[in-house]
Amino acid sequence: QVQLVESGGGLVQPGGSLRLSCAASASIFSMSAMGWYRQAPGSQRELVATITSFGSANYANSVKGRFTISRENAKNTVYLQMNSLQPEDTAVYYCNARHSKWDYWGQGTQVTVSS
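Residues numbered from 1 in each chain as written. Predicted model: local features only at pLDDT ≥ 70, side-chain atom pairs only at ≥ 80, totals over all residues. Heavy atoms only, no water.

Explain the overall build of the protein chain to me, using residue names and the numbers behind them.
Across its full length, the protein chain carries zero helices and eleven strands. Listed by position from the N terminus, the elements making up the protein chain come as β-β-β-β-β-β-β-β-β-β-β. The C-alpha atoms of the protein chain give 13 Å as radius of gyration, which agrees with the globular expectation for 115 residues (13 Å, within 12%). The C-alpha extent of the protein chain, read off along each of the three principal axes, is 40 × 25 × 25 Å. Here the protein chain, with 115 residues, has 41% of them falling under the buried criterion. (Helix = DSSP H or I, 4+ residues; strand = E, 2+ residues; numbered from the N terminus. Rg over C-alpha atoms; globule rule 2.2 N^0.38 Å. Buried < 20%, exposed > 50% of the residue type's maximum accessible area, 1.4 Å probe, protein only.)

See below:
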């Protein structure tokens, strides 16, 4: 199994920034893609951003221009830089790793955007 541990969540005011980190127990380069998902109370889990082993990134329309996904292969870590945060970004954020037909998930980290 691949273990994923998220960190960096917390409380931030609207317009603020946070950087989430996801540390993996295996080489993230071996994964087809790494990604971030989020789930707000009463809502389905939704895709936020993904990045392939080739470095190709995709974003949900709601976060384009505000969030940036990146990875540091030497540290087996993927990041999500979140800028211009809005209250609607409040959710538990989950790290995801995809390898072949398998998906692995972290435990989640809470992000709360509130004044």
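Which residues make up the pattern of salt bridges, and what values do they have?
Evaluated as defined, the whole model comprises four salt bridges. The partner of E46 in a salt bridge is R38, with the nearest N and O atoms 2.8 Å apart. Residue classification places E46 among the partly exposed positions, given a relative accessible area of 35%. A salt bridge links R66 to D89; the nearest nitrogen and oxygen atoms lie 2.8 Å apart. Linking R66 in the loop between β6 (57-59) and β7 (67-72) with D89 in the loop between β8 (77-82) and β9 (91-99), this pair joins segments that are 23 residues apart in sequence. In terms of burial, R66 and D89 fall into one category: buried. What you see here is one network of salt bridges that share partners, running through R38, E46, R66 and D89. (Salt bridge = Lys/Arg side-chain N within 4 Å of Asp/Glu carboxyl O.)

Hey, could you go over the side chain of S21 for me, with residue numbers and the actual values?
When you line up the elements, S21 lands in strand β3 (residues 18-24). What makes S21 buried here is its relative accessible area of 16%. Discounting residues that sit within four places of it in the chain, S21 has contacts with V5, E6, S7, W36, T77, V78 and Y79. (Contact = heavy atoms within 4.5 Å.)

Got a sec to walk through the state of the cysteines? Specific residues and values, please.
Under the defined criterion, the tally for this structure stands at one disulfide. Disulfide pairing places C22 opposite C95 at an S-S distance of 2.0 Å. Between C22 and C95, the disulfide has an S-S torsion of -85° and is therefore left-handed. Of this pair, C22 sits in strand β3 while C95 sits in strand β9, placing them 73 residues apart in sequence. The exposure classification of C22 matches that of C95, with both residues buried. (Disulfide = S-S within 2.5 Å.)

Give me the sheet that holds strand β1 (residues 4-7): which residues, what numbers.
The four strands lie next to each other as β1-β3-β8-β7, forming an open sheet whose pairing is antiparallel. Among the strands making up the open sheet, the edge pair consists of β1 and β7. With direction set aside, neighbouring strand axes in the sheet form an average angle of 15°. Taken together, the four bridges between β1 and β3 define a ladder with antiparallel strand orientation. Paired with V5 across the strands is A23, a residue of β3. (Pairing = 2+ DSSP bridges. Axes fitted to C-alpha atoms, helices over the stretch in contact; angles between N-to-C directions.)

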